[in-house]
Amino acid sequence: MPSSRKVIISCAVTGAIHTPSMSPHLPVTPEEIIKDSLDAAEAGAAILHLHARDPDTGKPTQDPEAFRKFLPRLKQATGAVLNLTTGGSPHMTVAERMRPAAELKPEVASLNMGSMNFGLYPMLDRFKAFTHDWERQHLEASRDLVFKNTFADIQHILEVGTANGTRFEFECYDTSHLYNLAHFVDRGLVQAPFLVQTVFGLLGGIGAHPEDVAHMKRTADRLFGDAYIWSVLGAGRNQMNVAAQAAAQGGNVRVGLEDSLWIAPGQLAESNAAQVTKLRRLLEGLSLEVATPDEARAMLVLKGAENTAF
């Protein structure tokens, strides 16, 4: 009997979409980020996708010093791949957003593949009480917000990261983003094998209908053939449905409290590890095996944790 396919689980531990008042389980302080990250890795996450927050207000920050408060400890305590955001927050400049990846030289960094509307304001209909003033302002401002990722921005991040040996999680929120990525592949600025993270269910990007997932997969297959590794994330209530469809079609999967606060309808996830555990059970139910961090490194041709700057 042939051996089972290995699936990479990524876990996005915190982020810039949800605010602290939305869930008491969202990691904010360095200590909380460390604990949730280690628990997620223990549950089966081979890659940890990381943002930083102000420990007092929970506001997203791209100050490299904020990342230095948890990255060295994570590197020492887990073999998981540590993936740093260059997305940061849609409210930040590109220069701000790329500082952690540029200075800390991670194995992997995320890279959004196009400018887009990024609508978080509908969450104001579901969440009414906020502890910090910035939270409501953050959501309301997304009503009139373009998340800027121009061709010049993308090329600059690619060139800086590649010079540091960093590879990328290419976040594609719509079909056009796949074509943008193909443009940079054709120019020789992206080398195979590359990780394509197709994102479903965020207002401003493609939806999360099964046909949307299938369409993104068909388009990526046509553009990239066997040069890419496919992964998905479903936002909010779409998380596990999208994961199940993609896993059955040969994909890898990202979960985490950055992408969804929920573990079941109306039930908040108490940790990132809870989502990873649920996903792992789903994969095992499909007779799929979870990749270890070293297997993920081999699949993605990463430089190794010893070659980072933290």
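The structure this text deals with has already been given above.
In what follows, the accompanying structure is described. (Residues numbered from 1 in each chain as written. Predicted model: local features only at pLDDT ≥ 70, side-chain atom pairs only at ≥ 80, totals over all residues. Heavy atoms only, no water.)

### With respect to the overall build of the protein
Stated precisely, the cut-off is as follows: Helix and strand definitions follow DSSP, with helices as H or I runs of at least four residues and strands as E runs of at least two, each counted in order from the N terminus. For the radius of gyration, the atom set is restricted to C-alpha positions; the globular benchmark scales as 2.2 Å times the number of residues to the power 0.38. Residue contacts are counted whenever heavy atoms from the two residues lie within 4.5 Å of one another. His residues and chain termini do not enter the charge count, which takes Lys and Arg as positive and Asp and Glu as negative. Where a charge lies is defined by one atom per residue type: Lys uses NZ, Arg uses CZ, Asp uses CG and Glu uses CD.
What the protein contains, in helices and strands, is eleven helices and 16 strands. Compactness check: the protein gives a C-alpha radius of gyration of 18 Å against a globular reference of 19 Å for 310 residues, within 12% of the reference. Expressed along its principal axes, the backbone C-alpha trace of the protein runs to roughly 55 × 40 × 40 Å. Considering only contacts within the protein whose residues lie at least 6 apart along the sequence, 75% involve residues at least 24 apart. Side-chain charges in the protein split into 29 positive and 35 negative, and the spacing between the mean points of these groups amounts to 1 Å.

### Comments concerning the packing of aromatic side chains
Our working rule: Under the pairing criterion, centres of Phe, Tyr and Trp rings, with the six-membered ring standing for Trp, must be within 6.5 Å; the plane angle then separates stacked pairs below 30 degrees from edge-to-face pairs above 60, leaving the rest tilted. Only protein chains enter the accessibility calculation, which uses a 1.4 Å probe; a residue whose area is less than 20% of its type maximum is buried, one above 50% is exposed, and one in between is partly exposed. For a lysine, the NZ atom is tested; for an arginine, the CZ atom; a charge sits over a ring if that atom is within 6 Å of the ring centre and within 35 degrees of the ring normal.
Following the criterion strictly, the structure yields eight aromatic pairs and no others. Centroid distance F118 to Y173: 6.0 Å. Interplanar angle 75 degrees. Geometry classified as edge-to-face. Here F118 is found in the loop between β8 (116-117) and α5 (133-141), whereas its partner Y173 is found in the loop between β10 (167-172) and α7 (175-186), with 55 residues between them in sequence. Neither residue differs from the other here; F118 and Y173 are each classed as buried. Within the aromatic cluster, the residues linked to one another by ring pairs are F168, F170, F194, F224 and Y228. Note that K75 overlies the ring of F310, its terminal NZ or CZ placed 5.5 Å from the centroid.

### As for helix α8 (residues 210-224)
Along an α-helix, a turn takes 3.6 residues, which lines up residues three or four apart on a common side. Convention followed: Residue count minus one, scaled by 1.5 Å, sets the expected span of a helix.
For α8, built from 15 residues, the straight-helix expectation of 21 Å at 1.5 Å per residue is met to within 8% by its first-to-last C-alpha distance of 21 Å. Among the residues of α8, those classed as buried are V213, A214, M216, K217, T219, A220 and F224. In this fold, the buried residues of α8 make contact with β10, α7, β11 (194-200), β12 (228-234) and α9 (239-248).

### Some details on the sheet that holds strand β7 (residues 108-112)
What counts, and what does not: We call two strands paired when DSSP finds no fewer than two bridges between them. Between the N-to-C directions of two axes lies an angle of 0 to 180 degrees, each axis being a line fitted to C-alpha atoms and, for a helix, fitted only over the stretch in contact.
Strand order around the closed barrel formed by eight strands is β2-β3-β6-β7-β10-β11-β12-β13, with parallel pairing between neighbours. The mean inter-strand angle of the sheet, taken between neighbouring strand axes irrespective of direction, is 25 degrees. Relative to strand β13 (residues 252-255), strand β2 (residues 9-12) runs parallel, the two being bridged by three bridges. When the sheet's bridge partners are listed, S10 is paired in β13 with R254.

### Description of helix α1 (residues 30-43)
Over its 14 residues, α1 runs 20 Å from end to end, which matches the ideal 20 Å to within 8%, given 1.5 Å per residue. Those residues of α1 that are buried lie in contact with β2, β3 (47-50), α3 (71-77) and α10 (272-285). Where α1 ends, the next residue or the one after it, G44, has phi of about 135 degrees, a positive value.

### Considering the pairing of β7
Of all the five residues making up β7, five are buried; the element is thus mostly covered by neighbouring parts of the structure. Residues V108, S110 and N112 line one face of β7 and the alternating positions A109 and L111 line the opposite face, and both faces are buried. Direction of pairing for strand β6 (residues 81-84) relative to β7: parallel, over a ladder of two bridges. Bridge pairing in β7 places N83 opposite V108. Judged from the five bridges that link them, β7 and β10 form a sheet pairing that is parallel. By the bridge assignment for β10, V108 is matched with R167.

### Things to note about unusual backbone geometry
Here the bond from A192 into P193 is cis, since omega is -5 degrees, no more than 30 degrees from zero. Summarising the element assignment, P193 is placed in the loop between α7 and β11. With phi around 50 degrees, K105 is a residue other than glycine that occupies positive phi space. Mapped onto the secondary structure, K105 falls in the loop between α4 (94-104) and β7.

### A word on the side chain of N149
This is how the line gets drawn: Two N or O atoms form a polar contact when they lie within 3.5 Å of each other; inside protein one atom must be a possible hydrogen donor and the other a possible acceptor, and for residues adjacent in sequence the pair counts only when both atoms belong to side chains.
Tracing the chain through its elements places N149 in the loop between β9 (146-147) and α6 (151-163). Residue N149 is classed as buried on the basis of its relative accessible area of 4%. Separated by 3.4 Å, the side chain of N149 and the backbone oxygen of G114 make a polar contact. Residues in contact with N149, not counting those within four places in the same chain, are R97, N112, G114, S115 and I154.

### Notes on the nonpolar core
Spelled out, the test is: To form a nonpolar core, buried Ala, Val, Leu, Ile, Met, Phe, Trp, Tyr and Cys residues must be joined to one another through side-chain atoms within 4.5 Å.
One finds L48, L50, F70, L71, F170 and F224 to be the most contacted residues of the largest nonpolar core, which totals 64 residues. Here L71 is in contact with L50, L82, L84, L104 and F310, once residues within four sequence places are set aside. Among the nonpolar cores identified, the runner-up in size contains 21 residues, and L124, F127, F130 and I263 belong to it.

### Observations regarding the pattern of salt bridges
Applied cut-off: Within this document, salt bridges are pairs made up of a side-chain nitrogen of Lys or Arg and a carboxyl oxygen of Asp or Glu, the two lying within 4 Å of each other.
The full count for this structure, using the stated rule, is 16 salt bridges. Linking R68 and E103 is a salt bridge whose minimum nitrogen-to-oxygen distance equals 3.8 Å. Taken together, the residues R68 in helix α2 (residues 64-68) and E103 in helix α4 connect sequence positions 35 residues apart. Among the charged side chains, a salt-bridge network with shared partners connects E169, E171, R254, E258 and D259.

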